[in-house]
Each structure stands twice: as C-alpha cells, then as structure tokens.
Amino acid sequence: MEQTQNRFEETEALDSLDIRDEIAKYLRYWPWLILSVVIALSAAFLYVRYTPNIYKSSTRIIIKDSKNPSEEEAILSNMGFQSGTASTNLENELAIFKSRRIMYSVVEALDLHVQYFAEGQFNNIEIYDHLSLVKLEYISGDEFTNLLRISFENNQVSILDTETEKVYKTNFGEPVTIANSTLLVSKQTEKDSGAILAKSFSKEFIASELRSRLNISTQEGSSIIQLTITDKISERGQDILNQLVDEYNKDAIEDNNLIAENTSKFINERLSVINNELDSVELNIENFKERNGLINIESEAQSFVSRSNQYEEQLNQLETQMILAEALKDEIDDMSTELLPANLGFDAGGINQLTGSYNQLVAERNKILAGSSEKNPLVKELNSQIETLKKNLNESLDRFLSNTKLAINEIEQKIDKIDSKISNVPSKEREFRNVSREQSIKESLFLFLLQRREENSISYGVETPKAKVVDRAFSLGIVSPSSLSVFVGAGFLGFLIPIMIIFGVNYFDNKIKSKRDIEKLVKNTPVLGEIPTVDKGESGLIQIHDRSVLAEAFRILTTSMQYVLAGIQNRSKDNTTIYVTSTVKGEGKTFTAFNLALTLCEGNNSVLIVGADLRNPQLQRYEEGAKVLKGVSDFIVSEDESIKNYINQSKLHPNLSIVTSGSIPPNPSELLKNYKIDSMFKELKGLYDYVIVDTAPAMLVADTFLINRFADLTLYVARAGYTEKNLLNFALEAKQSGKLSNVSFVLNDVKMSNFGYYGNKYGYTYAAEDNDKRKGLISRFKK
C-alpha cells in the first residue's frame, strides 16, 4: 500500500513538473507576448478611433385590422358606411415593409442616394444632407458616381472630379453638365466659402442596402410591429423609419382609394343605364295617362292597393338586389384579377365580406408583383387565394340570385291574389299600375345607387392610415464598435496569437531543445550535462582557470560523470577510458571531447585525447599543427609495437596530450579491426588517468561500434536545435543491443533560455566576468 502511494505521489509530481515545463516554454517568450498584446491593443485603439460608430434606431407601430377598427372607421360604420378592408394578414404586411418598392420610395423621399462627406485627416466623415453646406441634385441623364469635391466662395462653385482631376465651374442654382449628367448645386448655409465631398449611388443599390439593414419583429398574439435599422448617422436612421411608416400608409391609402374609384366607376355606369331606362318608363306613363285620362285610383280599391303597395315595395327591393347581383356577377366573369366594386349593400353579409377580402388580396398581389414576378411563391399563393375567393363569390351570388327569385315569385303570387280581388277596378287602371310599378323599381334602384355613390365619395375622402405609430423612431445608441469588446478581444488575440505560434513551432519542431526532451524520450539513461551555446567571436575552448559559463558546465559534467563511473563494476578505478560519439556529423562531439579533456586537466590529471574518427578527423580544428602529425592510422599500419612515439604534447594545457587520427586511410573499418587496436588502448590506459576518445558518428559508420568494447563510459552527444528526437531511438537501440556500453547523454549547444542548471535559473555567476554582464532587453528578445 505504501509503495502504491509513493508511485502515485511520484506520478503526480511528474505531471506537475510537466505542466510547469509547458508553462515555462511560453513564459520564456514573455517579451514577445507583451509586445504582441501592446500591438493588438494599439490596433484596437486605432480601430475604435477611426471606425465610424453604428447606431440602432427603432420604432413601434400597430397594423389596424377590420376586427379592431380605428376611431374614424368606427364613425363611418355607425353612419352605415363600410371601410371595405378585410382582416389583415400580418405576414403580408411585413413583406410590404421589406419590399424594394416601398424602400425605393423612402430613398427618393429622403434623397438618400446622394451622400455627403467632410474631409478628414485620415478618412472622410459622412454627414447628413441637412447638415451639409451644399445640396446636389440630378436634373437629367445618368447619375455620376465618381466622388466629387464641391467648393464654393460667395456664389461661385467649383466641382472637382477626384478620379479624373477635372474641374467644372458653375454658380449656385445653375445647372452644370458632367459627363452624361446634368447637376444642380444649391446652397444650404449662410457661409461665404467652404468645401464638401459628395457621392451619388444607384437608388436601387441604396434601397437594397437599407433592406438588408432593416429588421422587423412582431409580438406574438398582437398586431404590433417593431422596426429597427442600423446606420452610421442616428438622425438618418430615425428619418428612414419614420418615412418608411409614412410610405406604407400612403400605399395602403392608395389601395383603398383605388377600390373606391373602381366602385364609383361601376355605380356611375349603372346610373347612366338606369337613368335612360327610367326616362323611357316615365315617358310611357305620361303617354298612357294622356290616352286614357287617368288621374286617381278608384276609392273602392284603396285598401287592396295599400296592401299591394307593401308587396310591391318588397318586390322592388328584391329585384334591385337581383339586378345588382347579376351586374356584379357579370363584372366578375368579365375580369381576371382586377378590383371589384365594394359596399353595394347586399342583404347577404357574406357577399360584402367576400368582396372586401377579394379586393384586399388583389391589392396585396399587385403590390408584391410590382417588385417581383409571377414566379414569386407569395404571388402564386395569393393568386390561388384570389381564384378560391372568386369561386366562392360566384357561388354566393348564385345562391343569392336563386333565393331572390324564389322570394320574388312568392310576392308576385301574393300580388296576383290581391289584383284578383279588385276585379271591379277598370282594366286600364290595372294596366297603369303595371307600368307605374316598373317606374317605381327603376326609381328605387336609381336612388339606391345615388346613395351608394355618395357613401363611396365620403369614404374616398377620408384617408385613414393603416399603421398607427406607437413610438416614433428613436435611437437605441451605439451598437458597434463596442470599445470594451474590441479591447478585450484585441488583448485576447494579442496574447493568443503568439501562444499559438509558439505552440505550432514547438509542435512541428522535431529537434531536441533541452535536457528534459532527452529524459522524456530515453528512460533510465542519465543526461550528465548541458553545454551552453558559444556565441560568435568567443573561444570554443576552455582556458586555464576559466570561470565562464561554458567552463562551469563542463565542471558539472565531470562531476556527474564521476558518480556514473563510481557505479560501473569491473573497471579500473585509477584509469578511465571515455568515448565521445554522436548520431550524425555536426553535433559537437569533438568540441565536447576537447573541452572535457581540458576540464579534467584542471584536477592535475594526466589526460590524453585520441582521434578515432579516421574518416573525417576534426582534432586539428582545436590543436594547432595537429593536421601534419602521425596518429592512429599510421600506428596500425606501421611495424611499431608501442603507441608512445605517436603521442604529442598539446599546446593547450601542460597536462594534456594528443594522438591524432593520422593519415586518412582507404579502409578505416578494416584498420579498426586490427589486433593492434587492443594493445594500443591497453597501453594508453596504463599511461594516463583519463583517455578521451573522439569517435566517428555512430549512425553513419560502424567504426565506433568496432572499438567501443574498450570504453569505460560512452558519452553520447546530442545538439540542441539540431539533433532530431527520433534519432535518439538509434542510441537507445545501440545501448540495448550492447553495441555501445555504459551510455550517458550530453546535450550540446543549449541556449541560455533552455538551460537547466543553477547558474542560469537562479543567476549564480561570477560577477567579475565580462561575459556574465546583464543582458539588455534586445538580447532577451534574441534568446
């Protein structure tokens, strides 16, 4: 149980360490993080400073319905007049508000297609036309879309086309021709001089752009509509909404007037026909009376006549209704989808209601069709509804005519019975009654139509708006840019972008960067030391009594190496052979071998460095004159039994000796298999406290594997920022297979930002050394 707890605590500690390491990867770039945030916040400041504010304006209206008539409509209804307006379809009304036709009318009414700007230092500032110095109007021709600079002094106007640089001169109120356009500039201010920019746009473009910024919402269960729009100028947004409501009401009033006009036309036509018929009937009565000398009806028939008159009055009303119904039916059959005459006063209320609904659908269809085509789904739906209503109206009229005929027949039968009872009335008087009855019918119909025409004229004169304003347009304030959101977003992005860049670089970087990288990839193999980067211009070798960071790193390496050597069994305690190798060329094994030898010399140890890389010798880079010295390859092919004649004193330190690799042979591997190699290393081990062997790259050639059996310790050098992580698998496999013995890692060329020992992390250095002076901010950025 205790072991399990210990393992858990160890795992938790490692996880915590990993988190700290990951955070450290980003914190080491803190200057870049701060710089990125500062740049982002500066960009946000400029954006907020120079981006025009966007304002939101709103208005609320109520769409009136016949079910909830207005005060004016209620008065007309009490007088016996009908408004002719059927129930309102709210979705159709919303479509009208969003239509191009209505918005185009708004653009024309407010002259929104011409925009004015005041010149600014960095960008031009748009101003509303009533605040500008001048007003630009297009009289004829195509609208000129180039940006114009209009300046004036007293009454003289100068117009500059900013694209062609051409200047036009004119006076206020006088037309001027630019390209194919005739313009008129009028003065809007009392100033004697000034300048302003003006640009014209297509009215269709502005209308479409306004439609895209208009938002319409409704309250469920009510006919309240809220209209909102965004605009760079608050006053203009409010004017657009108010004008939009006005244009909607004008459109609705025009629809009602159109219905009234059609009704008036129908009534006038019928009055003209009936007037002619009435004249003819009256002339017949006059002639009849003159021929027969009839003046008064016989007194004995008065009682029957009174009853007969009642029936005749009913008969007149029914025949009037029948004539109107037949006329309306003929009107329906002779038209396609035009408006029908309304408010004809049928006793059957269904006909009046169907007529009003039919006219409303036709008006809605025509409005939508004005800005669309027959293929519009909404137009198709309205056409379908119109045909259905027309069919229902025809059926209602047929039923009405049938019922009316039955009623007429019934009353005529009653009249016949009464006529039979007044048999003593002279036949000529009865004939007169037939003629006078026809006159009465015509007179009733004529008076009825006159009354309806007057009612229709009154209805036509009352312009009741369809949309009642609840709240006139008002500003809801600035909606963008939101300073707080912009600054918060910019700060977040300024911090996130470098974090993502660092993450991406680290994620795709397959190079070893630090000691921790090796420890994660290769378990149970110690990393004895980290060698810092040597700046350009500095010596790559440790000097006597050197107190630089490089010297301290190698002292730590030798100290760690002693602990490892102490744990190796079956080796000589007095003499040690250390092999220095790497995976590929360029990882710094020769540099490491030389400085390791120089560091071991500081302890009064006798040290020998041997060049065992016969293919690409590198010791001459550090030892002056070593290139001409005979070495290992020369000893193997010679008849000498001892290596002593090939040992030379190094010029770098009195305790350091050197055996170069010698002449480059054609068969290095064969030479390293020679029996003299064994005797050479045994002899050298007996002569020196430490023998440092600089070998060939282990992955490229097999030379190192051939002689590694003589190594007490193998230092495997990896280079930070150069050695790929997957190459460490080769070292691990070589160790596990026994090709390399007692392997420990050394990480070379480590940047100070990735350094792991106390001298860097805690700043514990020699204050007297010039190369340990504090670095400036720019130097930190370079790290």
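Everything discussed here concerns the structure shown above.
Just so it is clear, the model here is predicted, and its values are computed rather than measured.

Engineer: Give a description of the overall build of the chain that names residues and reports values.
Structural biologist: For the chain, the count of helices and strands is 22 helices and 21 strands. Within the span of the chain, comprising 783 residues, buried residues form 43% of the whole. When contacts within the chain are restricted to residue pairs at least 6 apart in sequence, long-range pairs at least 24 apart make up 78% of them. Carbon and sulfur atoms make up 50% of the accessible area of the chain, which totals about 41300 Å².

Engineer: Quick one: what's the story with the pattern of salt bridges, residue by residue and with numbers?
Structural biologist: With the rule as written, the count across this model stands at 17 salt bridges. Close ionic contact of Glu-119 with Arg-149 constitutes a salt bridge, the shortest N to O distance being 3.1 Å. Taken together, the residues span a long stretch of sequence, with Glu-119 in the loop between strand E2 (114-118) and strand E3 (125-127) and Arg-149 in strand E5 (residues 148-153) at a distance of 30 residues. Of the charged contacts in the structure, one is a salt bridge between Glu-519 and Arg-516, with a shortest N-O distance of 3.8 Å. In this pair, Glu-519 and Arg-516 are both assigned in helix H13 (residues 515-521), three residues apart and thus about one turn of the helix distant. Within the structure, one salt-bridge network assembled from shared partners comprises Glu-126, Glu-209, Arg-213, Asp-231 and Arg-236.

Engineer: Which residues make up helix H20 (residues 728-737), and what values go with them?
Structural biologist: Restricting attention to buried positions, one finds in H20 the residues Leu-728, Ala-731 and Ala-734. Within H20, the buried residues cover an arc of 120° as seen down the axis, which keeps them to one side. Turned more than 90 degrees from where H20 packs its buried face, Glu-733 and Gln-736 sit exposed. Contacts from the buried residues of H20 go to H13, helix H19 (703-707), strand E20 (713-719) and strand E21 (743-750). Phi turns positive, to about 90°, at Gly-738, one or two residues after H20.

Engineer: Now, about the nonpolar core: what can you tell me, with residues and values included?
Structural biologist: Within the largest apolar cluster, 37 residues are counted, with the highest numbers of intra-cluster contacts made by Phe-346, Ile-351, Leu-393, Leu-397 and Leu-449. Elements represented by at least two residues in this core include exactly helix H7 (234-292), helix H8 (302-333), helix H9 (349-370), helix H10 (377-421) and helix H11 (427-461). Those residues in contact with Ile-351, other than ones at most four positions away along the chain, are Leu-328, Phe-346, Leu-393, Ser-396, Leu-397 and Phe-400. By size, the runner-up hydrophobic cluster in this structure holds 34 residues, among which are Ile-542, Ala-597, Tyr-690 and Val-746.

Engineer: Outline the sheet that holds strand E10 (residues 193-200), listing residues and values.
Structural biologist: If you walk across this open sheet you meet the six strands as E3-E2-E10-E5-E6-E7, and the pairing is antiparallel. Two strands bound the open sheet, and with one partner strand each, they are E3 and strand E7 (166-171). For this sheet, the mean inter-axis angle between neighbouring strands, taken without regard to orientation, is 30°.

Engineer: Go over the environment of Tyr-716 with me, naming the residues and quoting the values.
Structural biologist: Locating Tyr-716 in the fold gives a position in strand E20. Once the C-alpha coordinates of Tyr-716 and Asn-742 are considered, the two residues, 26 residues apart in sequence, prove to be 10.0 Å apart. If near-sequence neighbours (up to four positions away) are discounted, Tyr-716 is found in contact with Thr-581, Ser-582, Thr-583, Ala-698, Phe-730, Ala-731, Leu-740, Val-743, Ser-744, Phe-745 and Val-746. Here the side chain of Tyr-716 touches Thr-583 through a polar contact of 2.6 Å, side chain to side chain.

Engineer: So what's going on with the sheet that holds strand E4 (residues 134-141)? Residues and values would help.
Structural biologist: Ordered in space as E4-E9-E8, the three strands form an open sheet in which the pairing is antiparallel. With one partner strand each, in any of the chains shown, E4 and strand E8 (175-178) form the two edges of the open sheet. On average, each strand axis in the sheet is tilted by 35° relative to the strand beside it, whichever way the strands run. Where E8 and strand E9 (residues 181-187) come together, four bridges link them in antiparallel fashion. Across the sheet, residue Ile-178 finds its bridge partner in E9, namely Ser-181.

About the cut-offs
Sequence order as written defines residue numbering, which begins from 1 separately in each chain. Two thresholds apply to this predicted model, a pLDDT of at least 70 for residue-level local features and 80 or more for giving and counting side-chain atom pairs, whereas whole-chain, interface and lining totals are computed over all residues. Think of the side-chain values as coming from all heavy atoms in the structure, minus any hydrogens and water. Under the DSSP-based scheme used, a helix requires at least four consecutive residues in state H or I and a strand at least two consecutive residues in state E, with every element numbered from the N terminus. The classification of residues rests on relative accessible area computed with a 1.4 Å probe and restricted to protein chains. Under 20% of the type maximum is buried, over 50% is exposed, and intermediate values are partly exposed. Here a residue-residue contact requires only that any non-hydrogen atoms of the pair lie within 4.5 Å. The Shrake-Rupley method, run with a 1.4 Å probe sphere, supplies the accessible areas, and residue values consider only the shown protein chains as cover. A side-chain nitrogen of Lys or Arg and a carboxyl oxygen of Asp or Glu constitute a salt bridge if their distance falls within 4 Å. Arc definition: it is the arc formed by the directions from the helix axis to the C-beta atoms. Remark: nonpolar core denotes a set of buried residues (Ala, Val, Leu, Ile, Met, Phe, Trp, Tyr, Cys) joined through side-chain atoms within 4.5 Å. Only strands that DSSP links by at least two bridges are regarded as paired with each other. The axes are straight lines fitted to the C-alpha atoms, using for helices just the contacting stretch, and the angles between their N-to-C directions are given from 0 to 180°. In the analysis that follows, any N or O atom pair within 3.5 Å is treated as a polar contact, provided that within protein one partner can donate a hydrogen and the other can accept it, and provided that, for residues neighboring in sequence, both atoms belong to side chains.

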